[in-house]
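Residue-level listing of the chains:
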Amino acid sequence: MSIQIILALAVFVGAYILIATEKVPRTTVALVGAALMVVIGATDEHGPFFSEDSGIDWNVIFLLLGMMIIVGILQQSGIFEFIAIWAAKLAKGRPFVIMVMLVIITAVLSAFLDNVTTVLLIAPVTLLICDRLGVNPIPFLIAEVMASNIGGTATLIGDPPNIIIASRAGLTFNDFLIHTAPISAILLVVFIGLCWLMFRKQLSYNADRVARVMALNEREAIRDVRLLVTSLIVLGLVLAGFVLHSVINLEPSIVAMLGAGLLVLLTRLETKKIFADVEWETLLFFAGLFIMVGGLVSLGIIDTIGQAAIAAVGDNYFGAAAGLLFGSAVISGIIDNIPFVATMAPLTYDLVQAGGPAAEPLWWALTLGADLGGNATAIGASANVVVLGIAARNGHPISFWMFTKYGLIVTAVTVTLCLPYLWLRYFA
Amino acid sequence: MHATDLQSNFPVVARDTSAVAAARLIAEERLAGLVVANAKGNPVAVVSAVDILGLLVPNYMLDDLNLAGVVDEQGAEDMWSQAGDHTIGELLDDDAVRLYDLLMVDADATILELAAQMAGAHAQVALIRGSDPAQFVRLPDVLDAILKYCA
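Residues numbered from 1 in each chain as written. Chains lettered and ligands numbered in written order. Predicted model: local features only at pLDDT ≥ 70, side-chain atom pairs only at ≥ 80, totals over all residues. Heavy atoms only, no water.

**Student:** Run through the overall build of chain B, naming residues and quoting values.
**Tutor:** If you tally the helices and strands in chain B, you get 8 helices and 7 strands. In chain B, which comprises 151 residues, the proportion classed as buried is 41%. In chain B, once contacts between residues fewer than 6 apart in sequence are set aside, the share between residues at least 24 apart is 58%. Accessible area of chain B: about 8400 Å², with a carbon and sulfur share of 54%. Positive and negative side-chain charges of chain B, numbering 8 and 23 respectively, have mean locations separated by a distance of 8 Å. (Helix = DSSP H or I, 4+ residues; strand = E, 2+ residues; numbered from the N terminus. Buried < 20%, exposed > 50% of the residue type's maximum accessible area, 1.4 Å probe, protein only. Contact = heavy atoms within 4.5 Å. Areas by Shrake-Rupley, 256 points an atom, 1.4 Å probe, with all protein chains shown as cover. Lys, Arg positive; Asp, Glu negative; His and termini not counted. Charge placed at Lys NZ, Arg CZ, Asp CG, Glu CD.)

Spelled out as structure tokens, the structure:
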């Protein structure tokens, strides 16, 4: 083993530890790690920006950027608040029915928006509804963030790990709709049942306060009808572009950027509002991660591990899928699933290349494990951390263990259900 | 004319002062902010009236401004009645809230010195160094003094 490989591994492991412990901002860690990879010669000056195998995956970066711009503009229209309040009124103020409505809304939204954006949109209106109804909002917030992680598995754009996996594997939007959306829908139904079991005793309310929910005027949430209509039309076109990938032959990143550009052109919002919701730090985090993992690819480390994995797996791809599913779930419950998937994607690529079509379900095992594992603990997914912050700021603190005791149950059930799904769908 | 010629009292609040009490002081005296004292009772910082206004509004509505319109008058009155639960301490602990260091000026500072220091520090109020009990110079008084000499 050369000194270069030892140094590259040290940088990579050190960065992982710092990201997991959150002692240093994760973007700083990823960028410093990327710089060190260049300094030690793990990648040359051409690689980080121009190599398809070991450089920054621009498809991922620009798909995220385009969707952040579109969603940032759409959310200013008030449509999400409108839907949530409308649903609460439709439920006639009954807490569990409201919870089910909000869980379904969150899961569906999360399939098309990233999870953090979804919970940022749904949590404030949830707090308003609970405040009006006089019920404890904590079960609602926990249920919603878990629904966002479940719904995020359904599509290519639902969760950042899916975007990384799709780009590395060459999977399309429709591939995700066909392979992960069905199990995501099944898991959502099961999750609603779990919500009944876990939260029903905490949903007592004063029926006299239902009138306060019914008095909410959801139409007032829509502040700009033209913006709403324009945004929905452009979002529809973008989703159509994703679905028609094989016909129009445009990468999802191009479709998203074209949609973002069109929306900016049509809405003519000031620049500050257009880019207000772009998470530049997250994009830089991705860029740094890609360079770090690219360093391991360039030095042949990923290939070596991949070969070992291929030898270990043999032709037992169901065993490999099970290992990947549960292993990813456990690791994603402990650390951020984005760096994990960024590392595992090239490894899984080697396995799938070696195994051919029989090994392709490994991508779905990785997707489901990494996405659903985020529910396991309070720090398993960025959306969880965001919701805990919102809850605390509003006087409803959710402790790590309070979240985790529910998270472990939900993760165990949902991930375990994925195993028979994978078996029946691909190996039986 | 010196700082002592313009000195006056200024409301000082503590960490445990309720948001409603703070808001009442601001409303009664038409202030742009309040001076906050530390645990020993010494004035140390200034919080703006806008941040105190934020304490009266449910936090989730500040996160999502679209929600303010959906609540009717009756609902809003319910919310105001619950606003007293918050304290100034919450502002002090909130990283998103900007606390202004309390500007300190010498007792013999001239009007020009006061004007320059207050403008430079974007301060609405300044504490006269060494005054006991604490005495302050307010921005409107400084402006009044300046305007006497303006054409």
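**Student:** Account for helix α4 (residues 58-75) of chain A, with residues named and values stated.
**Tutor:** Residue and element names in this part refer to chain A. Over its 18 residues, α4 extends 25 Å from the first C-alpha to the last, a length consistent with the 26 Å expected when each residue adds 1.5 Å. Burial analysis of α4 places 14 of its 18 residues in the buried class, the great majority of the element. For α4, the side-chain oxygen to backbone nitrogen distance between the N-cap and Asn 59 is 3.2 Å, and the N-cap itself is Asp 57. (Expected span 1.5 Å × (residues − 1). Polar contact = N/O pair within 3.5 Å; in protein donor to acceptor, adjacent residues only side chain to side chain.)

**Student:** I'd like to hear about the layout of surface pockets, residue by residue, with values.
**Tutor:** Approximately 870 Å³ is the volume found for the second largest pocket. Lining the second largest pocket are 31 residues, with A:Arg393, A:Asn394, B:Pro58, B:Asn59 and B:His86 positioned closest to its centre. Taken together, the elements giving at least two residues each to the lining of the second largest pocket come down to α7 (115-133) of chain A together with α3 (49-56), α4 (59-63), α5 (73-82) and α6 (88-93) of chain B. The residue inventory of the lining of the second largest pocket, partitioned by class, reads 15 nonpolar, 7 polar and 9 charged. (1 Å grid on protein atoms, 1.4 Å probe; cavity = no way out; pocket = protein on both sides within 12 Å on 5 of 7 lines; lining within 4 Å. Points joined across faces, edges and corners; volume = space filled by probe spheres on them. Nonpolar A, V, L, I, M, F, W, Y, C, P; charged D, E, K, R; others polar.)

**Student:** So what about the interface of chain B and chain A? Which residues, and what values?
**Tutor:** Accessible area lost upon the coming together of the parts is a frequently used measure of interface size. Contacts between the two partners involve 16 residues from chain B, matched on the other side by 24 residues from chain A. Summed over both partners, the interface of chain B with chain A buries about 1500 Å², with 48% contributed by carbon and sulfur atoms. Among the residues chain B hides against chain A, the three largest losses belong to B:Tyr60, B:Asn66 and B:Val70. Together they make up 42% of the total. Residue B:Asp63 pairs with A:Arg393 through a salt bridge whose shortest N-O separation is 2.9 Å. (Buried area = accessible area lost by both parts, 1.4 Å probe. Salt bridge = Lys/Arg side-chain N within 4 Å of Asp/Glu carboxyl O.)

**Student:** Kindly report on the sheet that holds strand β2 (residues 33-37) of chain B, identifying the contributing residues and their values.
**Tutor:** Residue and element names in this part refer to chain B. The 4 strands are arranged β1-β2-β3-β4 in an open sheet whose pairing can be described as mixed. Here the strands that pair on one side only, and so sit at the sheet edges, are β1 (12-13) and β4 (100-101). Summarising the sheet, β1 and β2 pair through 2 bridges and their orientation is parallel. In the sheet register, Val 13 faces β2, and the bridge partner there is Val 36. (Pairing = 2+ DSSP bridges.)

**Student:** Give me the lowdown on the packing of aromatic side chains, citing residues and values where you can.
**Tutor:** Residue and element names in this part refer to chain A. Scanning all chains against the criterion turns up 14 aromatic pairs over all chains. Arranged with centres 6.4 Å apart and planes meeting at 80°, the rings of Phe 285 and Phe 286 form a pair that is edge-to-face. Here the aromatic rings of Phe 318 and Trp 423 are separated by 5.1 Å at their centres, their planes lie at 65°, and the arrangement is edge-to-face. Pair noted here: Phe 318 is in helix α19 (residues 317-334) and Trp 423 is in helix α23 (residues 400-427), with a separation of 105 residues, a long-range link. Taken together, Phe 285, Phe 286 and Phe 290 form an aromatic cluster joined through their ring pairs. One Lys or Arg, Arg 26, reaches over the ring of Phe 285 and ends 4.2 Å from the middle of that ring. If you follow Arg 200 out to its NZ or CZ, it ends over the ring of Trp 196, 5.7 Å from the centre. (Phe/Tyr/Trp six-rings, centres within 6.5 Å; stacked < 30°, edge-to-face > 60°. Lys NZ or Arg CZ within 6 Å of the ring centre and 35° of its normal.)

**Student:** Hey, could you go over the sheet that holds strand β7 (residues 136-138) of chain B for me, with residue numbers and the actual values?
**Tutor:** Strands pair in a sheet through their backbones, by hydrogen bonds, and they do so in one of two ways: parallel or antiparallel. Residues and elements named next belong to chain B. Within the open sheet, the 3 strands sit side by side as β5-β6-β7. Their pairing is mixed. A strand with exactly one partner marks an edge of an open sheet, and here the two such strands are β5 (103-105) and β7. The mean angle between the axes of side-by-side strands here comes to 35°, regardless of whether they run parallel or antiparallel. Across the sheet, helix α7 (residues 111-121) lies against β5, β6 (125-128) and β7, angled at about 170° from β5, the strand it touches most. (Axes fitted to C-alpha atoms, helices over the stretch in contact; angles between N-to-C directions.)

**Student:** Talk me through the pairing of β2(B); I want residue IDs and the actual numbers.
**Tutor:** Residue and element names in this part refer to chain B. Among the 5 residues of β2, 5 are classified as buried, and the element is accordingly described as predominantly covered. Because side chains alternate across β2, one face comprises the buried residues Gly 33, Val 35 and Ala 37, and the other comprises Leu 34 and Val 36, equally buried. In this fold, β1 hands off to helix α2 (residues 19-29), which returns the chain to β2; that crossover is right-handed. Inspection of the sheet shows β2 paired to strand β3 (residues 43-48) by 5 bridges, in the antiparallel sense. Looking at the pairing, Leu 34 lines up with Val 47 of β3. In this structure, the hairpin formed by β2 and β3 is closed by a connection of 5 residues, where Gly 41 is found at a positive phi of approximately 90°. (Right-handed = clockwise from strand over helix to strand, strands pointing away.)

**Student:** Quick rundown of the nonpolar core? Include the residues and the values.
**Tutor:** Residues A:Met67, A:Leu128, A:Ile164, A:Phe191, A:Phe242 and A:Leu362 are the most contacted members of the largest nonpolar core, which totals 160 residues. The leading source of residues in this core is α4(A), at 12 residues. The contacts of A:Leu362, once residues within four sequence positions are left out, are A:Tyr317, A:Ala320, A:Ala321, A:Leu324, A:Thr348, A:Leu351 and A:Val352. Of all hydrophobic cores here, the second largest spans 24 residues; its members include B:Ala23, B:Leu31, B:Val36 and B:Val125. (Core = buried A, V, L, I, M, F, W, Y, C linked by side-chain atoms within 4.5 Å.)

**Student:** Report on the packing of α4(A) against helix α15 (residues 252-267) of chain A, specifying residues and quantitative values.
**Tutor:** All names here are of chain A. Viewed as axis vectors pointing N to C, α4 and α15 meet at an angle of 30°, and their least axial separation amounts to 8 Å. When the axes of α4 and α15 are compared, the pair comes out roughly parallel. At the point where α4 passes α15, the crossing takes the left-handed sense. Along its contact with α4, which presents Asn 59, Phe 62, Leu 63, Leu 65, Gly 66, Met 67, Ile 69, Ile 70 and Ile 73, the element α15 presents Pro 252, Ser 253, Ala 256, Met 257, Gly 259, Ala 260, Leu 263, Val 264 and Thr 267. In terms of residue class, the contact of α4 with α15 is made up of 13 nonpolar, 5 polar and no charged. (Parallel < 35°, antiparallel > 145°, perpendicular 65-115°, else oblique. Left-handed = near helix turned anticlockwise from the far one by under 90°.)

**Student:** Before we move on, could you go through unusual backbone geometry and cite the residues and values that matter?
**Tutor:** Phi is mostly negative for residues that are not glycine, and the peptide bonds are mostly trans. With an omega of 0°, the peptide bond between B:Asp132 and B:Pro133 qualifies as cis. Note that B:Pro133 resides in the loop between β6 and β7. Within the chain, A:Lys92 stands out as a residue other than glycine whose phi angle is a positive 55°. One can find A:Lys92 in the loop between α5 (79-90) and α6 (95-112). The backbone of B:His122 sits at a positive phi, close to 55°, despite the residue not being glycine. Tracing the backbone through its elements, the reader meets B:His122 in the loop between α7 and β6.

**Student:** Give a detailed account of the packing of α19(A) against helix α20 (residues 337-355) of chain A, specifying residues and quantitative values.
**Tutor:** When two helices pack together, their arrangement is given by the angle between their axes and by how far apart the axes lie. Residue and element names in this part refer to chain A. At their nearest, the axes of α19 and α20 sit 11 Å apart, and the two run at 175° to each other. Taken together, the axes of α19 and α20 are roughly antiparallel relative to one another. Across the interface between the two elements, Tyr 317, Leu 324, Ser 328, Ile 331 and Ser 332 of α19 pack against Asn 337, Phe 340, Met 344, Thr 348, Ala 354 and Gly 355 of α20. Here the contact of α19 with α20 is built from residues that sort into 6 nonpolar, 5 polar and no charged.

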